[in-house]
Amino acid sequence: MWNLARAAWNLRQTRRLSACIPGPCIVHKRGTDILHDPWFNKDTGFPLTERDRLGLRGLLPPRVISFEQQYERFMNSYHSLEHNTRGEPESVVSLAKWRILNRLHDRNETLYYRVLIDNIKDFAPIIYTPTVGLVCQNYGGLFRRPRGMYFSAKDKGEMMSMIYNWPSHQVDMIVVTDGSRILGLGDLGVQGIGIPIGKLDMYVAAAGINPQRILPVMLDVGTNNQKLLGDDLYLGLRQPRLEGDEYLSMVDEFMEAAFTRWPKAVVQFEDFQMKWAFETLQRYRNRFCMFNDDIQGTAGVALAGLLGAVRAQGQSLKDFVKQKIVVVGAGSAGIGVLSMARQAAAKMLGSSENMEANNQFWLLDKDGLITKDRKDLDPAAAPFARGFGPGEVEGLREGATLLEVVKKVKPHVILGLSGVGGIFNEEVLKAMRESDSSRPAIFAMSNPTMNAECTAEDAFKHAGENIIFASGSPFENVTLGNGKIGYANQANNMYLFPGIGLGALLSGARHISDGMLQAAAECLASYITEEDIQKGILFPSISRIRHITTQVGTAVVHAAVAEDLAEGHGDIGLKELAYMSKEEIVEYVSRNMWYPIYSPLVHEK
Ligand SMILES: NC(=O)C1=CN([C@@H]2O[C@H](COP(=O)(O)OP(=O)(O)OC[C@H]3O[C@@H](n4cnc5c(N)ncnc54)[C@H](O)[C@@H]3O)[C@@H](O)[C@H]2O)C=CC1
Ligand SMILES: CC(=O)C(=O)O
Ligand SMILES: [Mg+2]
């Protein structure tokens, strides 16, 4: 039986290798309809024979420009824009850069994704955080043409038919938001659509998901943002947010519709306010192949960073259980990080009893330190409320301030996921000089840049040059004395969500388990070399994101198979997956990653 599966796998391999040259792309349009379709459009790059075949002759200037020349011309325009906007306010420059990229996205997807992949380090801050936040805030004014699908409270009962309005026959990856907590910017209603668009651009760039098979989705359930409600030109529903069962029945309807049309799709929930983030995750995670990026993706990246910080202190990974970690922000992201960190510690300790005694975490929210004396203690925060077991620090009361906590606990790590810019202020950072760690870690993970708990520069200036620093949005490295560099790591879930989604898709996982998420986090944690860790580098350069995502995707496929959750993908069945070696899974994952090149277009009626 196994030998047969093996033989079939080998045969397919051979066939595929001989088919590496870009295959033809079937197109059902002709003439200007092709030029106006960004998926097929090659601008001046259509060869003459193709112009003849597709009725394009005379619709373009006669000269044929190669893909490389088009690429160079775009990059030249981009660099001129950089040059011409020098000295302008940062927001003006960032939006100008976003516009030029967006115009290309609207016109020629192949060229757009190629420049994005090749220049991901420079372009991620434009199409993703921080600029995407600014884009969402200014969405009404920037809107030119729609992207993705919008399901509103007015569409109740219609979603099952509406989903068939989407033109692609196959969708692999859906990112959905209700716009209720966009980065650290709060409720932006329908304007939050920029986030699923940016996340899916990262899916294409990092995971090689085919852009014809992605779907950004906005669930417009209203908004509680008074400014938007009072704005005549606001593009979403001008009504308060749906609540309770009305809200859930709308999300239910969307999920049923999406999985009815595309049963093998993966759905990522993004930027939902905390109560709905947790509730929808519990509601759907055993029914559908879905995950919540803010809770689960962020947790894996933070855990990888925390383990890196242990290594940077010259300790063994097992010493993680001795680290005193203060988390600031008890929302979906903060609680997600603590839950995963606790799981990892429990695994290292080997028993839940030891875990009770361990008690290494302190959690604060807008009302200060959370203890068991907290009135109306949120059930999600309850496992991390102080005031039980050994390890209590004298004199720390319910609601203690961050400064009090840092001074008394002398933590190894402070990790911010509060959405509040600057709360790691000079006093807090200076107090970190008394940390019990030889290399204290400061993670200011809130987005966008304005909402980071501190800047990289302030962290190194006030907390000392030996710290480890990471932030959610990118900062420049800091030049320290004696030619040393203070590394500004970017601890952002972009290092994991593409690999989680890709691994879930290619394994055909029924759902996404904790084991699959843990495998993703462990893979990222082990990616970085000892030499880099010693310099204070916790995460690899974003320019390696395709390679990282291949590895993370492989780890996720492997875990899905090991947990018996995989059902296979396309013509690769479970048995073939189960038979693959690690190298073969890597090869399988890479082979399934889309790469932007112009394919010959063949017209079919
Ligand atoms: N770097 C990354 O990959 C990620 C970063 N984030 C960022 O984390 C932030 C929070 O996200 P969520 O947890 O989903 O939001 P949330 O709204 O669910 O939670 C925010 C939490 O911060 C607390 N808080 C507010 N003011 C505070 C203060 N002054 N001191 C201490 N705590 C305070 C709130 O009480 C709440 O517990 C956002 O800025 C988001 O952009 C979220 C996901 C991933
Ligand atoms: C990065 C991200 O997912 C957030 O800030 O919400
Ligand atoms: Mg998010």
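Residues numbered from 1 in each chain as written. Chains lettered and ligands numbered in written order. Predicted model: local features only at pLDDT ≥ 70, side-chain atom pairs only at ≥ 80, totals over all residues. Heavy atoms only, no water.

Undergrad: For this particular structure, what's the right way to read unusual backbone geometry?
TA: Most peptide bonds take the trans form, and the phi angle of most residues other than glycine is negative. Residue Pro130 follows Thr129 across a cis peptide bond; omega there is 10°. Assignment of secondary structure puts Pro130 in the loop between helix 7 (120-127) and helix 8 (131-137). Going from Asn447 to Pro448, the amide bond is cis rather than trans, its omega being -15°. Mapped onto the fold, Pro448 is located in the loop between strand 11 (441-444) and helix 20 (456-463). Even without being glycine, Asp376 reaches a positive phi, approximately 55°. Tracing the backbone through its elements, the reader meets Asp376 in the loop between strand 9 (368-369) and helix 18 (402-409). Asp376 sits in the exposed class, given a relative accessible area of 79%. (Helix = DSSP H or I, 4+ residues; strand = E, 2+ residues; numbered from the N terminus. Buried < 20%, exposed > 50% of the residue type's maximum accessible area, 1.4 Å probe, protein only.)

Undergrad: What's the story with the sheet that holds strand 7 (residues 325-328) in this structure? I'm lost.
TA: Two strands in a sheet stick together by hydrogen bonds in their backbones, pointing the same way (parallel) or opposite ways (antiparallel). Pairing in this open sheet of 7 strands is mixed, and the strands run 9-8-7-10-11-12-15 from one edge to the other. The sheet terminates laterally at strand 9 and strand 15 (488-490), the two strands that pair on one side only. In terms of strand pairing, strand 10 (residues 413-416) meets strand 11 through 4 bridges, oriented parallel. Residue pairing in the sheet places Gly416 in a bridge with Ala444 of strand 11. Its contacts with the sheet place helix 20 against strand 11, strand 12 (468-471) and strand 15, and it is angled at close to 155° to strand 12. (Pairing = 2+ DSSP bridges. Contact = heavy atoms within 4.5 Å. Axes fitted to C-alpha atoms, helices over the stretch in contact; angles between N-to-C directions.)

Undergrad: I keep staring at the UniProt feature "binding site: a divalent metal cation" (unreviewed entry) in the protein and nothing clicks. Help me out?
TA: UniProt's entry tags Glu270, Asp271 and Asp294 with the feature "binding site: a divalent metal cation" (unreviewed entry), counted in the numbering of this structure. The named residues occupy 25 residues along the chain; their greatest pairwise C-alpha distance, 6.7 Å, places them in one compact cluster. Within the fold, Asp271 resides in the loop between strand 5 (266-269) and helix 14 (274-284). On the accessibility criterion, Asp271 (2% relative accessible area) is buried. Of note is the side chain of Asp271, whose polar atom sits 3.1 Å from the side chain of Arg181. Relative to the elements of secondary structure, Asp294 occurs in helix 15 (residues 293-312). (UniProt positions renumbered as here; feature names shortened; annotations may be inferred. Polar contact = N/O pair within 3.5 Å; in protein donor to acceptor, adjacent residues only side chain to side chain.)

Undergrad: Looking at this model, I keep getting lost on the side chain of Lys42. Mind explaining?
TA: Of note, Lys42 is situated in the loop between helix 2 (32-35) and helix 3 (48-53). Assessed through its relative accessible area of 5%, Lys42 is described here as buried. Separated by 2.8 Å, the side chain of Lys42 and the backbone oxygen of Ser599 make a polar contact. Every residue in contact with Lys42, bar those within four places of it in the chain, is listed here: Glu50, Gln70, Asn108, Tyr598, Ser599, Pro600 and Leu601.

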